[in-house]
Each structure stands twice: as structure tokens, then as C-alpha cells.
Amino acid sequence: MPISSDRIALPPVRREFTSPERSYLLVVENADQWKTSYPTARLYRTGQGQSVLCWTRVLTQQYGPRGAVVAGDGHVLFVDEWINVTSRWALVLVDVENRVIATHDYKTAVGALAVSPAEIAAHARSGPWISDRPVLSADGKSARIAAGGRTLVVLLQDGSLSVAR
């Protein structure tokens, strides 16, 4: 019988996410080639030829987030963990001053969708619950995450959750 491996493909050691206007740049980076499993995130304000560091933090998500959304006002939403777990850190919202505005675990995030675990699993394409990468809404005030055949909406001012109608 073949033996299955419990190994995961590690993310790149450096990933970048930008706001739509490119006024903010989020860099998620692991400086030691994944000898440690918690990367550092840095948010930069960009423009006029130079970048200014807004904040730096070591992330709680193992191997970093699966995805991130950067808003035009500098709010950052970290989405899920790279590893396939029902994460305590499924959603982490941080403002431009490096204050954590909201955190939601897996149970809260998928509970807001009001669909069965079977529906969540059937639609999951990225980790245990996400169907597609997170995106910023057209007005820049919320992030949208497809999951379970529905769309979870995260308000970026306070981290409240709802479902798109």
C-alpha cells in the first residue's frame, strides 16, 4: 500500500499584497527559509518614490495567511492559515496603526455563512473552507470571501461578518 505524506507545500518565502491604488504594500516574509513557521508581515505606505514603514508584526498564522486583502486606507485582513486546519485565526483584521480590530476563528467565520459543514467542504478549494481568493469590494469598505456556495462579507472598519445577498 502506498504511504501518504503529511507534508505540505510551503508558501514562497516572500509574498506581496497591494491596495487597489497601490498606496499600501503588505509584505509577508520568512527570513530563514521556513526554519521557523511564523513569518513577519510589514505594511508600507507607498508613493512619491519612497515607501514608509507603517508597522511590523510576527503573524499568528502558521506559515502565514492563505490570503490577504489590503484596503486603500491601510486596513489589512489576513485570511485563514497556509496549513489546512480549522484555524483560531481564520480572519484577523489589523488597521494602519497595527491595532488588531477583530479576530474570528474558523467556527465563527463559517457559522456566519449559515450552511452545513458538508456544503463548506463541497465548495472548499483553498484550505478547509474557502472557495476562492478574498477580494476587496468595489467601494473598498469590505472584503468578500467565497465559501460554502455563499459570499462572506467582512466589514473592514470593525470586522463584523455578514453574508452577501
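Residues numbered from 1 in each chain as written. Predicted model: local features only at pLDDT ≥ 70, side-chain atom pairs only at ≥ 80, totals over all residues. Heavy atoms only, no water.

Quick word on the sheet that holds strand β9 (residues 135–136)
Backbone hydrogen bonds hold the strands of a sheet together, and the pairing may be parallel or antiparallel.
Here comes step 1: Ordered by their spatial adjacency, 4 strands build an open sheet running β9-β10-β11-β12, and the pairing between neighbours is antiparallel. Two strands bound the open sheet, and with one partner strand each, they are β9 and β12 (161–163). (Pairing = 2+ DSSP bridges. Helix = DSSP H or I, 4+ residues; strand = E, 2+ residues; numbered from the N terminus.)

With respect to the pattern of salt bridges
Here comes step 1: Applying the stated criterion across every chain yields a total of 4 salt bridges.
Here comes step 2: E29 is the salt-bridge partner of R14, the closest N and O atoms lying 3.5 Å from each other. In this pair, R14 sits in strand β1 (residues 14–18) while E29 sits in strand β2 (residues 24–29), placing the two residues 15 residues apart along the sequence.
Here comes step 3: Note on R14: relative accessible area 40%, which makes it partly exposed.
Here comes step 4: The exposure class assigned to E29 is partly exposed, which follows from its relative accessible area of 26%.
Here comes step 5: D95 serves as the salt-bridge partner of R99, at 2.8 Å between the closest nitrogen and oxygen.
Here comes step 6: If you follow the salt bridges from partner to partner, you end up with R14, E16 and E29 in one network. (Salt bridge = Lys/Arg side-chain N within 4 Å of Asp/Glu carboxyl O. Buried < 20%, exposed > 50% of the residue type's maximum accessible area, 1.4 Å probe, protein only.)

A short note on the nonpolar core
Here comes step 1: Within the largest apolar cluster, 22 residues are counted, with the highest numbers of intra-cluster contacts made by L77, L91, W129, I145 and L152.
Here comes step 2: When residues of this core are traced back to their parent elements, those giving at least two are β6 (76–79), β7 (91–94), α1 (106–113), β10 (142–147) and β11 (150–155).
Here comes step 3: With 4 residues, the single largest contributor to this core is α1.
Here comes step 4: Contact partners of L77, with chain neighbours within four places excluded, come to G67, A68, V69, L91, V92, L93, A143, I145, V154 and L156.
Here comes step 5: Grouped together as the second largest cluster of nonpolar side chains are 15 residues, A41, L43, V76 and V96 included. (Core = buried A, V, L, I, M, F, W, Y, C linked by side-chain atoms within 4.5 Å. Contact = heavy atoms within 4.5 Å.)

Section: the layout of surface pockets
Here comes step 1: Reported here for the largest pocket is a volume of approximately 210 Å³.
Here comes step 2: Lining of the largest pocket is provided by 15 residues; of these, A68, V69, R133, P134 and V135 occupy positions nearest its centre.
Here comes step 3: Top contributing element to the lining of the largest pocket by residue count: strand β5 (residues 67–70), with 4 residues.
Here comes step 4: In the lining of the largest pocket, the residues fall into 9 nonpolar, 3 polar and 3 charged. (1 Å grid on protein atoms, 1.4 Å probe; cavity = no way out; pocket = protein on both sides within 12 Å on 5 of 7 lines; lining within 4 Å. Points joined across faces, edges and corners; volume = space filled by probe spheres on them. Nonpolar A, V, L, I, M, F, W, Y, C, P; charged D, E, K, R; others polar.)

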